[in-house]
Amino acid sequence: MPFRRLAVAVLLMFVAIPVTSAQDPFQGLDLTSDAFTKSEMTREEVLAVVAKGTPETPADLSGKSLNGIDLSGADLRGVIFRAARLNKANLKGANLSGAALDAVWAMDAEFADATFANASIIGAQFIKAKMDGADFTNAKVKSNFGQASLVKARFDGADLSPGKKNQGAMVKRGFESAILDGASFRSANMVEVDLEFA
């Protein structure tokens, strides 16, 4: 599947290849293509897949195009969304506790009051996402929240540090122009995280 190879390449850009200021994570991507603008599943189909998941074998929606889908209020605990596209999706109030959202594309998506507790969110694109009141307690968060709204979001105990040397540039600038009014970072690991332009 060509898109999965592309998604893996994008994830590797943040995990395995040193990031420099000259690199553009969107270079070569057509963000107007169906893969980034349409959904290949309905809400009912997604929830049916999720219902079949177990703690031992969680539901896997990796690489799926779920753009614009309404999953508001859905119980998505532990679901694997690696490299899925959720651009302009509505996940307001969804429970994503323990979910794997690594390399997810969720630009302009709605995640207000969603729960990401203990989730893995590495290399994801939440540019311009609406995440007011979202709960990232104890999550691993090394993603791009540029221009996102995170008013009263909770990052208590979350790991936001770059970790690997090559993730540094993305994480250090991961909150650039983000709105963080009233956000909580109590006991969060923010070593080398730069909030200067947030």
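Residue positions are given per chain, counted from 1 along the sequence in the order it is written. It should be noted that, the model being predicted, local features are given only for residues of pLDDT at least 70 and side-chain atom pairs only at 80 or more, the latter also being counted only at that level, while totals for whole chains, interfaces and linings use all residues. Side-chain measures here rest on the full set of heavy atoms in the structure, leaving out hydrogens and waters.

### Let's talk about the overall build of the protein
- The numbering of helices and of strands both runs from the N terminus, where a helix is a DSSP run of H or I of at least 4 residues and a strand a run of E of at least 2. Helix and strand counts for the protein come out as 4 helices and 2 strands.
- Reading the protein from its N end, one meets helices and strands in the order α-α-α-β-β-α.
- Taking the contacts inside the protein whose residues are at least 6 apart along the sequence as the reference set, 32% of them involve residues at least 24 apart.
- Note that accessible areas follow from Shrake-Rupley with a 1.4 Å probe, and for residues the cover is restricted to the protein chains shown. Split by element, the accessible area of the protein, about 9,400 Å² in all, is 52% carbon and sulfur. Should any heavy atoms of two residues lie within 4.5 Å, those residues are considered in contact.

### Here's the deal with the environment of Met190
- Position of Met190 among the secondary structure elements: in the segment after helix H4 (168–172).
- With 29 residues separating them in the primary sequence, Met190 and Ser161 have C-alpha atoms 4.9 Å apart.

### Some details on the nonpolar core
- As used in this record, nonpolar core signifies buried Ala, Val, Leu, Ile, Met, Phe, Trp, Tyr and Cys residues forming a set joined through side-chain atoms within 4.5 Å. The classification of residues rests on relative accessible area computed with a 1.4 Å probe and restricted to protein chains. Under 20% of the type maximum is buried, over 50% is exposed, and intermediate values are partly exposed. Grouped together as the largest cluster of nonpolar side chains are 49 residues, with contacts concentrated most on Phe81, Phe116, Phe136 and Leu150.
- Contributing elements (two or more residues each) for this core: helix H3 (43–52) and strand S1 (120–125).
- Setting aside anything within four residues of it in sequence, one finds Leu150 in contact with Met131, Asp132, Phe136, Phe145, Phe155, Phe175, Ala178, Ile179, Leu180, Asp181 and Ala183.
- Listed in part, the 5 residues of the second largest apolar core include Leu29, Phe36, Trp105 and Met107.

### Considerations on the side chain of Ser65
- Tracing the sequence through the fold places Ser65 in the loop between H3 and S1.
- Whenever a nitrogen or oxygen atom comes within 3.5 Å of another N or O atom, the pair is scored as a polar contact, on the condition that within protein one atom can donate a hydrogen and the other can accept it, and that pairs from neighbouring residues in sequence are kept only if both atoms are in side chains. Within the local environment of Ser65, its side chain forms a polar contact with the backbone oxygen of Ala35, the two atoms lying 3.0 Å apart.
- In this structure Ser65 touches Asp34, Ala35, Lys38, Ser39, Glu40, Met41 and Arg85, once residues within four positions along its chain are discounted.

### Quick look at the packing of aromatic side chains
- Here a Phe, Tyr or Trp ring, Trp counted by its six-membered ring, pairs with any other such ring whose centre lies within 6.5 Å, and the pair is stacked when the planes are under 30 degrees apart, edge-to-face when over 60, and tilted otherwise. Scanning the entire structure with this criterion turns up 9 aromatic pairs.
- A centroid spacing of 5.4 Å and a plane angle of 85° characterise the contact between Phe36 and Trp105, whose relative ring orientation is edge-to-face. Taken together, the positions of Phe36 in helix H2 (residues 34–37) and Trp105 in the loop between H3 and S1 put the pair 69 residues apart, joining distant regions of the chain.
- Residue classification places Phe36 among the buried residues on the basis of a relative accessible area of 6%.
- On the basis of relative accessible area, Trp105 is assigned to the buried category, the value being 3%.
- On the basis of an interplanar angle of 10° and a centroid distance of 5.2 Å, the ring pair of Phe126 and Phe145 is categorised as stacked.

So, to be careful, I would describe these as geometric facts and stop short of saying anything about function.
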